[in-house]
Amino acid sequence: MSKYYKTQMLNEFILNQQNAFPYAKGDLTRLLYHLSLASKLVNREVNMAGLAEILGETGRTNIQGEDVKKLDEFANEQFIKIMSSSGMVCGLASEENNGIVTFDNSLSREGKYIVCLDPLDGSSNIDVNVSIGTIFSIYHRKTPIGSLPDESDILQPGIRQVAAGYIIYGSSTMLVYTTGLGVTGFTLDPSIGEFCLSHFQIQTPDSGLIYSVNEGNYNDFSPGVRKYIDYCKSNKDKKSLSGRYIGSLVSDFHRNLMKGGIYMYPPTAAQPSGKLRLLYECNPMAFLAEQAGGKAKDGQGNRIMEIVPQEIHQRVPFFTGSRDMVDKVEEFIRRETKTTNPG
Ligand code: AHM
Ligand code: MG
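Note that this is a predicted model, so its numbers are computed, not measured. (Residues numbered from 1 in each chain as written. Chains lettered and ligands numbered in written order. Predicted model: local features only at pLDDT ≥ 70, side-chain atom pairs only at ≥ 80, totals over all residues. Heavy atoms only, no water.)

(A) Summary view of the overall build of the chain. Scanning the chain for helices and strands turns up 10 helices and 15 strands. Compactness check: the chain gives a C-alpha radius of gyration of 20 Å against a globular reference of 20 Å for 343 residues, within 12% of the reference. Out of the 343 residues in the chain, the part that is buried amounts to 54%. Counting only contacts in the chain whose residues sit at least 6 apart along the sequence, the fraction spanning at least 24 positions is 65%. Carbon and sulfur atoms form 50% of the exposed surface of the chain, whose accessible area is close to 14,900 Å². Taking the average place of the 35 positive charges on the side chains of the chain and the average place of its 38 negative ones, the gap between the two points comes to 6 Å. (Helix = DSSP H or I, 4+ residues; strand = E, 2+ residues; numbered from the N terminus. Rg over C-alpha atoms; globule rule 2.2 N^0.38 Å. Buried < 20%, exposed > 50% of the residue type's maximum accessible area, 1.4 Å probe, protein only. Contact = heavy atoms within 4.5 Å. Areas by Shrake-Rupley, 256 points an atom, 1.4 Å probe, with all protein chains shown as cover. Lys, Arg positive; Asp, Glu negative; His and termini not counted. Charge placed at Lys NZ, Arg CZ, Asp CG, Glu CD.)

Below, the structure is given as structure tokens:
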């Protein structure tokens, strides 16, 4: 790939894409620009984390009972601040906030988009210099423009997403997004502070050699999931499957997207719906996976993006990645369910 493939900057690329929609007014372009701006501020802080006295806990827990790290809070504040001043967004749902976040300014009421956000995903890796990310999902609002948004704007199935993506703060920082016209990746060139086109029309292989799951939970998984994991291991000689698990969804997903593989967060006895949240973790990744030719299912045959959410922080079992591998794990789960509940 030529180096200056890269000279196409994120904004220019999105503007060109927008021209494919005759009546587009550039609002989504502006919104994606604002998201990328917030991510640059977070990126700067993540890069400086060890020096900037921003590592560690705030001493508080969020609505879901999880410890809030200082960087989590910083990222949440940046995204909220920038979304509220963008004029494009009427409200948002964030992993860090209990209910819908609305903004106290008339400009935002005119915003036609609603955003679901995990400002800093992979919390357990924040303090130890392991890749973390931001995940976002964008919808058209349902309430009338000019009014205060409410939960109905947030509780939309993933198939209604207008755009979704993530930023990975890794060995390089990347923004990967889709508006339903394929998946495109941009890499931050720190020397000019711009996201530059680096991965055009990303397609994930139909099958892969990586399975990603927290195997510490193995004994708590259903028999079908356990058998699938055993199958991944026993297939080793034939296909050399490797277990790879970072514990940051964005990083595990990104690696598997590029190389082919499956990421799983199955239900356990303690967490019957798994751990990951439908609105700001699973739906955006599902949109990306499908746009790249992969799949995202709940392990029971249901497409993640068709699930109608009942609450903002709803969790869902998550199986995503290469098409054939997602099909295979669901086949194992189906077969075991039939064996244990015949008839
Ligand atoms: P978080 O939003 O609190 O960071 O939790 C989500 C993260 C995902 O990034 C990751 O895939 C998963 O939790 C790891 O969970 P576990 O440590 O249970 O394997
Ligand atoms: Mg998260």
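(B) Inspection of the pairing of strand β5 (residues 113-121) at higher detail. Among the 9 residues of β5, 9 are classified as buried, and the element is accordingly described as predominantly covered. Bridge count between strand β3 (residues 89-94) and β5: 5 bridges; the pairing is parallel. In the strand pairing of β5, L92 is matched with V115. Bridge analysis of β5 against strand β6 (residues 132-140) gives 7 bridges, and the strand direction is antiparallel. In the sheet register, D118 faces β6, and the bridge partner there is I135. (Pairing = 2+ DSSP bridges.)

(C) Expanded view of the pattern of salt bridges. In total, this model carries 17 salt bridges according to the counting rule given. K40 is the partner of E194 in a salt bridge, and the nearest nitrogen-oxygen pair spans 3.9 Å. Of this pair, E194 sits in strand β10 (residues 194-199) while K40 sits in helix α2 (residues 27-47); the two residues are 154 residues apart in sequence, bridging distant segments of the chain. Note on E194: relative accessible area 29%, which makes it partly exposed. We note a salt bridge from E290 to R303, for which the minimum N-O separation is 2.9 Å. Taken together, the residues E290 in helix α9 (residues 278-291) and R303 in the loop between β14 (295-297) and β15 (318-321) connect sequence positions 13 residues apart. Among the residues examined, R303 registers a relative accessible area of 28% and is labelled partly exposed. Taken together, the shared-partner salt bridges in this structure form one network comprising D27, R30 and K112. (Salt bridge = Lys/Arg side-chain N within 4 Å of Asp/Glu carboxyl O.)

(D) The side chain of T179, seen in detail. Note on placement: T179 falls in the loop between β8 (173-178) and β9 (183-189). Assessed through its relative accessible area of 16%, T179 is described here as buried. For T179, the residues in contact, after removing those within four places along its chain, are Q17, L28, L32, V162, A163 and F287.

(E) How the structure looks around the sheet that holds β6. The sheet built from 8 strands is open, its strands ordered β4-β3-β5-β6-β7-β8-β9-β10 with mixed pairing. Unpaired on one side and paired on the other, β4 (101-102) and β10 mark the two borders of the sheet. Its contacts with the sheet put helix α1 (residues 10-18) on β8, β9 and β10, and the angle it makes with β8 is roughly 10 degrees. Sheet strands touched by α2: β3, β5, β6, β7 (163-169), β8, β9 and β10. Its angle to β6, the strand with the most contacts, is close to 160 degrees. (Axes fitted to C-alpha atoms, helices over the stretch in contact; angles between N-to-C directions.)

(F) Summary view of the site of ligand 1. Of all residues adjacent to ligand 1, which total 17 residues, the nearest are D121, Y245, L249, Y263 and Y265. Within the backbone of L249, a nitrogen or oxygen atom sits 2.7 Å from an oxygen atom of ligand 1. Between an oxygen atom of ligand 1 and a side-chain N or O atom of Y265, the distance comes to 2.6 Å. When ligand 1 sits alone it has 470 Å² of accessible area, and the protein chains cover 87% of it. Under a 2 Å grid-point criterion requiring more than half of the atoms, the pocket assigned to ligand 1 is the largest pocket. (Near = heavy atom within 4 Å. Polar contact = N/O pair within 3.5 Å; in protein donor to acceptor, adjacent residues only side chain to side chain. 1 Å grid on protein atoms, 1.4 Å probe; cavity = no way out; pocket = protein on both sides within 12 Å on 5 of 7 lines; lining within 4 Å. Sits in = over half its atoms within 2 Å of the grid points.)

(G) A look at the sheet that holds β15. Read across the open sheet, the 5 strands follow the order β12-β11-β13-β15-β14; overall the sheet is mixed. Either end of the sheet is taken by a strand with one partner, and the two such strands are β12 (242-243) and β14. Two elements, β14 and β15, share 3 bridges in a ladder whose sense is antiparallel. If you follow K297 over to β15, its bridge partner there is F319. Seen against the sheet, α9 touches β14 and β15 and runs at an angle of roughly 30 degrees to β15.

(H) Up close: the packing of helix α6 (residues 223-234) against helix α10 (residues 323-340). Running from N to C, α6 and α10 point in directions that differ by 135 degrees, and their axes come no closer than 7 Å. Taken as axis vectors, α6 and α10 run oblique relative to one another. With respect to the hand of their crossing, α6 and α10 are arranged in right-handed fashion. Facing P223, G224, V225, K227, Y228 and Y231 of α6, the residues of α10 in contact are M325, K328, V329, F332, I333 and E336. For the contact of α6 with α10, the residue count by class is 8 nonpolar, 1 polar and 3 charged. (Parallel < 35°, antiparallel > 145°, perpendicular 65-115°, else oblique. Left-handed = near helix turned anticlockwise from the far one by under 90°. Nonpolar A, V, L, I, M, F, W, Y, C, P; charged D, E, K, R; others polar.)

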